[in-house]
Amino acid sequence: MPAAGSEGEEGPAGEQPGPGTPKLCGYLQKLSGKGPLRGFRSRWFVFDPRRCYLYYFKGPQEPLPLGHLDIASACFSYHQPEAGAAAAVDEPAAFEVHSPGGAVTVLKAATRQDMTYWLQELQQKRWEYCNNLDAAKRDSRTSPTPSDFSKGLVAKDNPDLSILSQNASAERARNILAVETSPTDLVGEQAASQPAPVQASAINFSLKQWSTEIKNSMSSLRKGNNENRKSVFYTTEEWELLDPTPKDLEDSMALEEKRKHLAEGNKGLTSSAFPFDFGRIPHKARRPLKDMIGSSKNRTGSDSSPTEWCSGNGNRLVSELQLKYQSQQEELEKLKKDLLSQKELVRLLQQTVRSSQYDKYFASHLCEGVPKDTLELLHQKDDQILGLNNQLEKLNLEKDSLQQEVKNLKCKVGELNERLGMLMETIQAKDEVIMKLSRQLSECEDSTSSQSGAINFPTATCTNKELQELDRLKDNLQGYKTQNKFLNKEILELSALRRNAEAREREWQAKYTSLEAKLCQIESKYLILLQEMKTPVCSEDQSPAREVITQLLEDALKAEPSEQPEQAFLKPHLVSEYDIYGFQTVPEDDDDEEKLVAKSRALDLRSLSLSENREISTGVKWENYLASTMNREMMRCVELKNLIRSGIPHEHRSKMWKWCVSLHVKKFKDSTVPGYFQTLLQKALEKPNPASKQIELDLLRTLPNNKHYSSPTSEGIQKLRNVLLAFSWRNPDIGYCQGLNRLVAIALLYLEQEDAFWCLVTIVEVFMPRDYYTKTLLGSQVDQRVFKDLMSEKLPRLHAHFEQYEVDYTLITFNWFLVVFVDSVVSDILFKIWDSFLYEGPKVIFRFALALFKYKEEEILKLQDSMSIFKYLRYFTRTILDARKLTAIAFGDLNPFPLRQIRNRRTYHLEKVRLELTELEAIREDFLRERETCVEKRDLISDDEEDS
């Protein structure tokens, strides 16, 4: 029986459950195989709450899953034992998982108690996941579910959530129909230490997942923490364990149907004497059907009778005709595809001919006596018209796809209604059986009570048999009652989920209608503008185009209403007031030009993210990698480094940042007592230190454009204060330095207070050199000189350009290094930089600082005076939006980039800076002595004295 999940497919490891939430995992036996190999095989099952998948492994220690079952779209059932069989509690019990495609997966638990527990838990997990899915509007960039957010301020604030009210009666009915049960030792994390249940078949090797089996076997031979070794779950440069596309599934199903028809046509004489079906083995070379028929004929020809030979000859002709028919069908499909492509080519050629004819007519008839500026303006307007037509075609295609999706959803609703009717009929039949058994039971009890006074010794044996039969009937009755309660609960949940799906469909339809109406309005206004610009009918002062342009600008700058949060799901705006990190997308100042630039930049970012979202390769790679860590700890490897460099997905960032921080501060944490952070915080609150005053002054100036830190009552302000105060007591040599507040603020967006504290310890005490954040900022000054050396080596033309015009670009880059690009680049790029920074360390800052200059190198070289260069350097990083291109420059074009070189140059420049500081200190002491001896200079004070 085919499994619901695609074999050999990897999925994600969800967020690890909290300490109080037990992990749903354990041993079950799965029915798989074909022919003589078909039977139950012991598998280790693990539930992933993030995607509502039930993964199964060969054992608890295997890194790769053999496949998965989609619990969110599945339904469950089980059968009572036959009337003649007694249902023992400690005997194995099987249940079925029905998937939408019609596939049925049969699983067997060690005891009936375990089966009941698994069914109850899977029902509950499906109910929770689907309700969360209904309550959350999926963000189109990351599609996070509520369970994805586990830590940080981003988790606390999700503007797209619109919680639906739960049905109280449905909840009460679910609680009434729930069957109380507890698991045995074969369910839960403690079951991993138990031996796998003994199975009837001695073969526990899956031919369907042979590649995964081999990889799992190899993984046990490649244990270790070697950074340079290849991961065990990828064998080539391309990632293998990807979700199959719908086209691949259709092709595979069509090939399977053809194989079945051929097998039916060749029954009897052409079948192989070997009973095993190796046709289903992936990547197995198959013999042509003619060769198989010929070999079978040669193999059986000597022993066949004339009648058998005639029958075999007829079958051979039929099979040849079938092959010809199939080849003709395939050729017809190819011709249809060629016809479509030729039609598209003709359409494009016609469009090209029309445009060329128009250009020819335009050049020959309209160019005489017309100014060149006017011709260029007309060309531009023609290009705009062509672009708008293309955009209209794309929107029409999108509308057709949405209508097709609505039709598919309606078909699914119809299928669910049919399934509901079938389940209701099944329950009715079960009820009739229960009533019949109840009547038989009452009759048995009446006959037993009437004959109890006349019992004698010869009839004692018969009475004992009747009592045993009565007990068996009572057990069966109890079993049917339990099954009835379970099926009623299943029907109730499926009905509720169907209603939620219908509500979701109505909401999407309303949103689609709203978007279509808005598109029609915009198209109407643009058509008016185009018509006016192409054929002006009135003077410039009275032109209606001015009114239309003014209205369009007002609509573009109009803020989204926030008074009705229940309608947030239907809002058609592509750019909201805040991005997913809480940063403002459009500034609040009164300058309309800056607002337009900011909104245009936000739309460009949105467009880039939507285009990247179409390419799911990075997301699939993350899902595959996290699936391989479900049964083992995460460790450093080349694949993980490449994944992090491409950017951690929004839903996994909290987990990965915490893991990276723990990796770097493990030695510090091991040397501290439990509750170390709380002890420091308590000490800081009871006894303020000199840094407390400066911390309070800088709190509201940290990230004023982020809603988590915009007001004194914001949740992020109190957390920021706690982390900075605790660190000032841990490291009194630094105490507090301006810049630390921004580092902590970014960390708190994805981490809790204690994790953000250790993140700050990682940056200040592990990554950065000593004296980086002290009063002298010695380490920061050294890094600027190292960066100058790298600029002269990696970007010599740009460095010479700066030298020519005497531009000190370290005045700009100094802040990049001090706060790791906070407030210097757009938020999407900022967090991708932080992903690599927390994993690899400070070398990433040098890489991205050079990459930013290389990205805009040609534009900077065009500037020919120091003022324009310096002005451009102050804002150019905010105009860089393509994170993928910037990452490719940082980690590709700038290679090689050895860390040893940076360390050596740091050592060299550190000595030079120390000598310069010593000279400055000597000059300062001379000045103080001179001031004391000279009366005229006693009124002069230094900057340090003025600050104190």
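This write-up is about the structure you can find in this document. Because the structure is a prediction, the values reported are computed rather than measured.

1. Looking at the overall build of the protein chain
Piece 1. Scanning the protein chain from N- to C-terminus turns up 30 helices and seven strands.
Piece 2. Evaluated residue by residue, the protein chain yields a buried proportion of 39% over its 948 residues.
Piece 3. Considering only contacts in the protein chain between residues 6 or more positions apart, those separated by 24 or more positions represent 73%.
Piece 4. A total accessible area of about 53,700 Å² is found for the protein chain, and carbon and sulfur atoms account for 55% of it.

2. A word on the packing of helix H24 (residues 827–840) against helix H28 (residues 883–893)
Piece 1. It is the contact of H24 with H28, at a shortest axis distance of 10 Å, that shows an interaxial angle of 35°. Relative to H28, H24 is oriented so that their crossing is right-handed. Counted together, Ile829, Lys832, Ser836 and Glu840 of H24 and Ala883, Leu886 and Phe891 of H28 form the full contact between these two elements.

3. Observations concerning the sheet that holds strand S6 (residues 93–98)
Piece 1. What the seven strands build is an open sheet, ordered S4-S3-S2-S1-S7-S6-S5; its pairing is antiparallel. Taken across any chain shown, the strands that pair with only one partner, and hence form the sheet edges, are strand S4 (67–70) and strand S5 (75–77). Each strand of the sheet is rotated relative to its neighbour by a mean of 35°, with strand direction disregarded.

4. Topic: the nonpolar core
Piece 1. Within the largest apolar cluster, 120 residues are counted, with the highest numbers of intra-cluster contacts made by Leu740, Tyr773, Phe821 and Phe853.
Piece 2. The dominant element in this core, judged by the number of residues it contributes, is helix H25 (residues 843–855), at 10 residues.
Piece 3. Beyond its immediate stretch of four places on either side in the chain, phenylalanine 821 contacts Trp816, Leu830, Ile833, Ile845, Phe848, Ala849 and Leu852.
Piece 4. The next biggest cluster of nonpolar side chains, apart from the first, holds 33 residues, and it includes Tyr78, Tyr117, Trp127 and Ile427.

5. Structural notes on the pattern of salt bridges
Oppositely charged side chains can form a pair if their charged atoms are brought close together.
Piece 1. For the structure on display, the rule yields 18 salt bridges.
Piece 2. A salt bridge links arginine 472 to glutamate 469; its shortest N-O distance comes to 2.2 Å. You can see arginine 472 and its partner glutamate 469 sitting in helix H9 (residues 460–534), three residues apart, about one turn around the helix.
Piece 3. Where glutamate 793 meets arginine 905, a salt bridge forms, and the shortest distance between an N and an O atom there is 3.1 Å. With glutamate 793 in helix H21 (residues 778–794) and arginine 905 in helix H29 (residues 899–933), the pair connects residues that are 112 residues apart, well separated along the chain.
Piece 4. A relative accessible area of 39% means that glutamate 793 is categorised as partly exposed.
Piece 5. Here arginine 905 falls in the partly exposed class, since its relative accessible area comes to 22%.

6. Details of unusual backbone geometry
Trans peptide bonds make up most of the peptide bonds, and negative phi angles are found at most residues other than glycine.
Piece 1. A cis amide bond links asparagine 895 with the next residue in sequence, proline 896, at an omega value of -5°.
Piece 2. Structurally, proline 896 can be placed in the loop between H28 and H29.
Piece 3. In the Ramachandran plot, leucine 777 falls in the positive-phi region, its phi being about 55° despite a non-glycine side chain.
Piece 4. Relative to the elements of secondary structure, leucine 777 occurs in the loop between helix H20 (753–767) and H21.

7. Things to note about the packing of aromatic side chains
Piece 1. In the structure shown here, the tally under the stated rule is 30 aromatic pairs.
Piece 2. Pairing tyrosine 581 with phenylalanine 831 gives two aromatic rings, centres 4.2 Å apart and planes at 15°, and the pair type is stacked. Here tyrosine 581 is found in the loop between helix H10 (544–557) and helix H11 (592–614), whereas its partner phenylalanine 831 is found in helix H24, with 250 residues between them in sequence.
Piece 3. Taking 5.9 Å as the distance between ring centres and 75° as the angle between the ring planes, the aromatic pair formed by phenylalanine 802 and phenylalanine 853 counts as edge-to-face. Of this pair, phenylalanine 802 sits in helix H22 (residues 796–804) while phenylalanine 853 sits in helix H25; the two residues are 51 residues apart in sequence, bridging distant segments of the chain.
Piece 4. According to the relative accessible area criterion, phenylalanine 802 is buried, its value standing at 0%.
Piece 5. Three or more aromatic residues joined by ring pairs make a cluster, and in this case those are Phe787, Phe802, Tyr809, Trp816, Phe817, Phe821, Phe846, Phe853, Tyr872, Tyr875 and Phe876.
Piece 6. The lysine or arginine in question, arginine 730, covers the ring of phenylalanine 668, its NZ or CZ lying 5.4 Å from the ring centre.

8. Observations regarding the environment of alanine 756
Piece 1. Note on placement: alanine 756 falls in helix H20.
Piece 2. Along the chain, alanine 756 and glycine 152 lie 604 residues apart, while their C-alpha atoms are 9.0 Å from each other.
Piece 3. If near-sequence neighbours (up to four positions away) are discounted, alanine 756 is found in contact with Val723, Ala747, Leu748 and Leu751.

9. A look at the environment of threonine 482
Piece 1. Within the secondary structure, threonine 482 sits in helix H9.
Piece 2. The exposure class assigned to threonine 482 is partly exposed, which follows from its relative accessible area of 21%.
Piece 3. Spatially, the C-alpha atom of threonine 482 lies 9.8 Å from that of glutamine 80, the residues being 402 residues apart in sequence.

10. Comments concerning the pairing of strand S3 (residues 53–57)
Piece 1. When you tally the buried positions in S3, you get five out of five residues, the bulk of the element.
Piece 2. Burial along S3 is two-sided: the residues Tyr53, Tyr55 and Phe57 and Leu54 and Tyr56 are all buried.
Piece 3. Hairpin geometry of strand S2 (residues 39–48) and S3 is characterised by an intervening segment of four residues between the two adjacent antiparallel strands and by a positive phi of about 60° at cysteine 52.
Piece 4. As defined by bridge partners, S3 adjoins S4 across four bridges and the pair is classed as antiparallel. What sits directly across from tyrosine 56, in S4, is glycine 67.

Conventions and cut-offs
- Residues numbered from 1 in each chain as written.
- Predicted model: local features only at pLDDT ≥ 70, side-chain atom pairs only at ≥ 80, totals over all residues.
- Heavy atoms only, no water.
- Helix = DSSP H or I, 4+ residues; strand = E, 2+ residues; numbered from the N terminus.
- Buried < 20%, exposed > 50% of the residue type's maximum accessible area, 1.4 Å probe, protein only.
- Contact = heavy atoms within 4.5 Å.
- Areas by Shrake-Rupley, 256 points an atom, 1.4 Å probe, with all protein chains shown as cover.
- Axes fitted to C-alpha atoms, helices over the stretch in contact; angles between N-to-C directions.
- Left-handed = near helix turned anticlockwise from the far one by under 90°.
- Pairing = 2+ DSSP bridges.
- Core = buried A, V, L, I, M, F, W, Y, C linked by side-chain atoms within 4.5 Å.
- Salt bridge = Lys/Arg side-chain N within 4 Å of Asp/Glu carboxyl O.
- Phe/Tyr/Trp six-rings, centres within 6.5 Å; stacked < 30°, edge-to-face > 60°.
- Lys NZ or Arg CZ within 6 Å of the ring centre and 35° of its normal.

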